[in-house]
Each structure stands twice: as structure tokens, then as C-alpha cells.
Amino acid sequence: MQIIINNRVFTDNSNEANKDTTFVVSKQNKRFVEDAKNNGCLDFVEAKDLKNHLDMSSIKVVGITGTNGKTTTAAAIYSTLLDLGYKVALQGTRGFFINDERVEDYSLTTPVQLGNFAHIQKAIQNDCDFFVMEVSSHAIEQKRIEGLEFELKIHTNITRDHLDYHKTVEEYINVKNSFFADETKKLINKDDPVVVFNAKNALSYSLDNPSTYNVSAYSFKNGMHVMLSHLGKMHSFSSLMMGIFNVYNLTAAIGAVHMLTSKDLDEVCEALEGFAGVSGRMETISDKPLVIVDFAHTPDGMKEVLQSFNEKDIICVFGAGGDRDKDKRPLMGQVAATYSKHIIVTSDNPRFEDPDLIIEDILKGIKNHQSVKVDVNRKTAIKTAIEMADENSVVLILGKGDEASQTIYDKKFPFSDKEEVLKHI
Ligand SMILES: CC(=O)N[C@H]1[C@@H](OP(=O)(O)OP(=O)(O)OC[C@H]2O[C@@H](n3ccc(=O)[nH]c3=O)[C@H](O)[C@@H]2O)O[C@H](CO)[C@@H](O)[C@@H]1O[C@H](C)C(=O)N[C@@H](C)C(=O)N[C@H](CCC(=O)O)C(=O)O
Ligand SMILES: Nc1ncnc2c1ncn2[C@@H]1O[C@H](COP(=O)(O)OP(=O)(O)OP(=O)(O)O)[C@@H](O)[C@H]1O
Ligand SMILES: N[C@H](CCC[C@H](N)C(=O)O)C(=O)O
Ligand SMILES: [Mg+2]
């Protein structure tokens, strides 16, 4: 890609490099430096030094990493900062937003170096005070975030995902933890048993262990009501959002905004209450029957969601993405079987894999197949689930959230879980 900073053209692609451009050298493209030279390029800059070309002193960059909850926590921080009157940009899985407007649609969760700098430049041009970004494990490993100076780093949790890419759980954990090794200000989830961080400038939040932003009590009735203890004083907030995992996400957001703005904590709690959640994350599509669409696509994410409905008969519709971590599939089957009354295993984004074989991988984790249906067609799987529902049940449609398409091979076919649900109620 290319960006222009102060009339100078920067590219990370040797095919776009020539005598008039600067080639930005990174871990991912250093093997193409000779090609760039052969194309006439004379000017080279290391990706980590891009910061010397863009004055970022007016904007604070906030990074969020973790296996689950990045998008939700980032959106909660964004919403709260906007509510408090700041100008804010948000970059993540759902796209790029500036001051409540979507500027770009779905892309990578964390763009490459030039992508980050292009967005930060746009945020600065729009007078943003903050740039809130999700940081994926791929981005950390590939150094897509090099050259960025973070005002605050936030950790949600580290469970498992992407073992197709990182190979072992240990390597995945190490990559995530490496984000917290320096002395940048950070906010850590103290209930995560595997997080390792540099204690310098670290504050924390938690439900179970002692921490700076400590949830001392919570209840769920028409959403959540949370008591938060901070430096010996009690504060409270309410939200229509559901699930203990969202108590974590919202507490992280409150702690983060408090650290970033030094506003009164009660004022921050009040501003957060305006946040209604992210589309496709625990989104109630229908009350009768109760149908919820959620983006859970890891064993832990599914467990968190399913556990939130233990008083209901769960009808769980889910699949698993192709060309992604294969080992998570039976674990997802096992989690679904533990908490659901009925399971319909279907297709997610098969990409270049055979969806029937993905389903077989999921079924390997389910011992008792009596209450399990298989339907590779996600549309009819959703229809069947809704037909099965009664007043005691909740239909949980997991894995795709608000994705607008289903990826088969490299083609994207329009598909929305929400729209499929609405066709049948
Ligand atoms: C597996 C993976 O992460 N691949 C990423 C990786 O691809 P790659 O190394 O094969 O790319 P490449 O085509 O060889 O290009 C590398 C660099 O060389 C340059 N190049 C290339 C060819 C050439 O002739 N000359 C040249 O200079 C390119 O401009 C580029 O800068 O580097 C590319 C750009 O540097 C990324 O776009 C690409 O992401 C692909 C598209 C992808 O799907 N990534 C997913 C898995 C991902 O990153 N997901 C995470 C989040 C997952 C989550 O939600 O947790 C994300 O952050 O989105
Ligand atoms: N704090 C959490 N702990 C565990 N599970 C969570 C948490 N927050 C959200 N989830 C579950 O994970 C799903 C994805 O949440 P979210 O989109 O916020 O995460 P993410 O980290 O951005 O995911 P991705 O890496 O795929 O973009 C949610 O739909 C929910 O099921
Ligand atoms: N950002 C995640 C999202 C997964 C969503 C699920 N629907 C899938 O396609 O696996 C990924 O790319 O691994
Ligand atoms: Mg995300």
C-alpha cells in the first residue's frame, strides 16, 4: 500500500517503488528490497522509523489485545470518550471510525504499518484526541505495530486461538505477553492466570483477585448492575449488556478511560452507561422466541456466552472457520455439548476447506450425538433452530456476529445471521 505524508510517497510494495517513492522496509517485505532497488528506488526507511515522518504529538494511541473482547472493549472506550466530549478514532475488526462515523468497512483487525499510519494521519487531520486500536496476535508477531508509541495498553484475556499460525499455546501466549513487556502505561486483567507483564506503570482490573479497578459485586436483571471499588471508594454502573465477560469488558473500558482522562470515576461510569454494545456481539434479534447472534468463535468465547444462559434451554447453532486453527474445533463441540440442550452444527466461513470435514472435526468433541443435528446450510440450520424454540429456550447463533458475508473459497457471498433470523420470526 501507499500513503502520502508531507508530499512524500511511502510504499511497502516493491512493485510500487521507484525513484520518486520511499520504500518502507518491514519484517514482512525485507526480502523485496533488491526488487525495489531494481525498480529505481533510492530512498529506504525502516517501518519503525515512520514515526519520524508524522508528528503524532497531538494524539494518544490506545492499544487493546487479548483473545476475546478486543472489539467490545475498544468500542466501549471509544463510546465513553466520545460521550465525555473528546474526539476519537477507532480501528479494529469492524473497520475504521472517526467521531461516530464509519470511514472504512471491515478489514484486518490490525492493519499493516502503513495502514496504521494512514489512519492515525486521518485521525490527526480530524483533530482526534485519541486513536483506539485493536492489536491482534498476528500484528504483534509481524510487527505491524512497530513505530507506534502507545499512551496505554490494555489486556483483556489470553485463552486460545490462531494455533494454525502460532503453532503452540506457549508461543501464542508469549506473543500476546510481549506486548506488555515494556514500561508503557498498561491496564491488566488480574484474573487471567497466564498474563505476564512489566509491573512498571501497570494498573489492573478484576472480579476475583485484588486490583486497582475491582468489581466487588454485580447482579444481572434487565442487564447488569456493577459495584466497582477503586482506592477504597465505591462506584457503580449499569448496562443493558449481558454476560460476566461483558462485566470484564466494561470494567476494563472504565479503568482505561479513567487512566486516559483523569476525569472523576463517577463521571466515567455515567458516560459508559450510554454504550449499548457492539452489533453482532450478544445481540438480541428477537425476544419471542429469544434469539441471540454472537461472534463467539473460540472455545472460551462460546463457554462465556453459553454460561450466561444457564437458566434457559439452549439451542446452539455454530460452525468453525476454515483455514484457521483446526484444533479448536472439537473443543468448541465439547463446550456446546456441555451447556446446550440442542446443537445444530453448521458451516461458518469454510474458505478453502470442505465444510463437511470441518463439521466432522467439531463432532469429534461431542460424545452424545442424540441431541445433535448437522446441517451444512447455515440458512436452513438457523430456520430449524427457530422452529424448535419455545418459551423456555434461547437460540444462540454463534461465530459470525455481524459479518455481512460467508467466505467460500476466496469468494464472499452476502450472508447475515441477523437477516436470516428476521426472515423466520
Ligand atoms: C497470515 C498473515 O497474517 N498474512 C499477512 C502477511 O502476508 P504475507 O507475508 O504472505 O504477505 P505478502 O503478500 O508476502 O506481502 C508481504 C509484504 O511484501 C510486500 N511485497 C509483496 C510482493 C512483492 O512482490 N513485493 C513486495 O514488496 C507487500 O507489499 C507486503 O508489504 O502480510 C500481509 C501484509 O504485510 C498481510 O496482509 C497478510 O494478512 C492476511 C491477508 C490475513 O488474512 N491475515 C489474517 C490471518 C490476520 O492477520 N488476522 C488478524 C486477526 C485475527 C483475529 O481476529 O484475532 C488481523 O489482525 O486481522
Ligand atoms: N472478555 C471476554 N472474555 C471471553 N469471551 C468474550 C469476552 N468478550 C467477548 N467475548 C466473546 O468473544 C466474542 C468476540 O468478542 P469481540 O469481538 O469483542 O472479541 P475480539 O477479541 O475483538 O475478537 P476477534 O479477534 O475475532 O476480532 C464475543 O462475541 C463473545 O462471545
Ligand atoms: N478475526 C477472526 C474471526 C473469526 C470469525 C469466524 N467467523 C471465522 O471465519 O473463523 C479470524 O479471522 O480468525
Ligand atoms: Mg476484534
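On a predicted model such as this, the values are computed, not experimentally measured, just so you know.

**Student:** Could you give me a rundown of the pairing of strand β10 (residues 150–155), with the residues and numbers involved?
**Tutor:** Counting buried residues in β10 gives 5 out of 6 residues, a clear majority hidden from the surface. One ladder, built from 2 bridges, connects β10 with strand β11 (residues 186–189); its direction is parallel. Within the sheet, the bridge partner assigned to K153 lies in β11 and is K186.

**Student:** Can you explain the side chain of S239? Please cite residues and give values.
**Tutor:** Assignment of secondary structure puts S239 in strand β15 (residues 233–239). Relative accessible area serves as the criterion here: at 8%, S239 is assigned to the buried category. Apart from residues lying up to four places away in sequence, S239 is in contact with N222, G223, M224, L250 and F275.

**Student:** Describe the packing of helix α10 (residues 328–339) against helix α11 (residues 355–363), with residues and values.
**Tutor:** Two elements in contact, α10 and α11, have axes separated by 6 Å at closest approach and are oriented at 55 degrees. Here α10 is positioned oblique relative to α11, judged by the angle of their axes. Considering how the two elements wind past one another, α10 and α11 form a crossing that is right-handed. Counted together, R329, P330 and G333 of α10 and I358, D361 and I362 of α11 form the full contact between these two elements. For the contact of α10 with α11, the residue count by class is 3 nonpolar, 1 polar and 2 charged.

**Student:** Account for the domain arrangement of the chain, with residues named and values stated.
**Tutor:** In terms of domain boundaries, the chain breaks down into domain 1 (2–51), domain 2 (55–272) and domain 3 (283–423). Centre-to-centre, using C-alpha coordinates, domain 2 lies 27 Å away from domain 3. Summed over both partners, the interface of domain 2 with domain 3 buries about 1300 Å², with 52% contributed by carbon and sulfur atoms. On inspection of domain 2 and its partner domain 3, the count reaches 1 salt bridge. Here R94 and D402 are joined by a salt bridge, their closest N and O atoms 2.9 Å apart. Of the residues in the side of domain 2 that touches domain 3, the class split is 4 nonpolar, 5 polar and 4 charged.

**Student:** How would you sum up the UniProt feature "domain: Mur ligase central" (unreviewed entry) in the chain? Please name residues and give values.
**Tutor:** As annotated in UniProt, the feature "domain: Mur ligase central" (unreviewed entry) corresponds to residues 64–257 in the numbering used here. Along residues 64–257 the backbone is 31% helical and 29% strand, and the end-to-end C-alpha distance reaches 13 Å.

**Student:** Please give an account of the coordination of the magnesium ion (ligand 4) that cites residues and values.
**Tutor:** Protein coordination at the magnesium ion (ligand 4): the donors are T71 (OG1), T93 (OG1) and E134 (OE), at 2.1 to 2.2 Å from the metal. Between the donor residues of the magnesium ion (ligand 4), the gaps in sequence give the motif T-x21-T-x40-E. With T71 in helix α2 (residues 70–83) and E134 in strand β9 (residues 130–134), the pair connects residues that are 63 residues apart, well separated along the chain.

**Student:** Provide a residue-level description of the sheet that holds strand β2 (residues 8–11), including the pertinent values.
**Tutor:** Across the sheet, which stays open at both edges, the 4 strands sit in the order β1-β2-β3-β4 with mixed pairing between neighbours. Each edge of the open sheet is held by one strand with a lone partner, namely β1 (2–5) and β4 (43–46). Averaged over all pairs of adjacent strands, the angle between strand axes in this sheet comes to 30 degrees, irrespective of strand direction. In the sheet, β1 pairs with β2 via 4 bridges, with the strands oriented antiparallel. For Q2, the partnering residue across the bridge sits in β2 and is T11.

**Student:** Before we move on, could you go through helix α7 (residues 244–261) and cite the residues and values that matter?
**Tutor:** Over its 18 residues, α7 extends 26 Å from the first C-alpha to the last, a length consistent with the 26 Å expected when each residue adds 1.5 Å. In terms of burial, α7 is a largely internal element, 17 of the 18 residues being buried. Looking one or two residues past α7, S262 carries a phi angle of roughly 55 degrees, positive in sign.

**Student:** Explain the site of ligand 1 to me, and be specific about the residues and the numbers.
**Tutor:** Within the structure, ligand 1 sits among 18 residues, and S14, T109, S136, Q142 and H162 are positioned closest to it. At a separation of 3.1 Å, an oxygen atom of ligand 1 approaches a polar backbone atom of T110. Within the side chain of R144, one N or O atom sits 2.8 Å away from an oxygen atom of ligand 1. For ligand 1, whose free accessible area comes to 1100 Å², the fraction covered by protein is 64%. Taken together, the residues of the shell around ligand 1 break down into 4 nonpolar, 11 polar and 3 charged. Both of domain 1 (2–51) and domain 2 (55–272) provide at least three residues apiece to the shell around ligand 1.

So, how was this worked out
Residues numbered from 1 in each chain as written. Chains lettered and ligands numbered in written order. Predicted model: local features only at pLDDT ≥ 70, side-chain atom pairs only at ≥ 80, totals over all residues. Heavy atoms only, no water. Buried < 20%, exposed > 50% of the residue type's maximum accessible area, 1.4 Å probe, protein only. Helix = DSSP H or I, 4+ residues; strand = E, 2+ residues; numbered from the N terminus. Pairing = 2+ DSSP bridges. Contact = heavy atoms within 4.5 Å. Axes fitted to C-alpha atoms, helices over the stretch in contact; angles between N-to-C directions. Parallel < 35°, antiparallel > 145°, perpendicular 65-115°, else oblique. Left-handed = near helix turned anticlockwise from the far one by under 90°. Nonpolar A, V, L, I, M, F, W, Y, C, P; charged D, E, K, R; others polar. Domains from an automatic or database assignment. Buried area = accessible area lost by both parts, 1.4 Å probe. Salt bridge = Lys/Arg side-chain N within 4 Å of Asp/Glu carboxyl O. UniProt positions renumbered as here; feature names shortened; annotations may be inferred. Donors = N, O, S within 2.8 Å, 3.2 Å for Na, K, Ca; no water. Expected span 1.5 Å × (residues − 1). Near = heavy atom within 4 Å. Polar contact = N/O pair within 3.5 Å; in protein donor to acceptor, adjacent residues only side chain to side chain. Areas by Shrake-Rupley, 256 points an atom, 1.4 Å probe, with all protein chains shown as cover.

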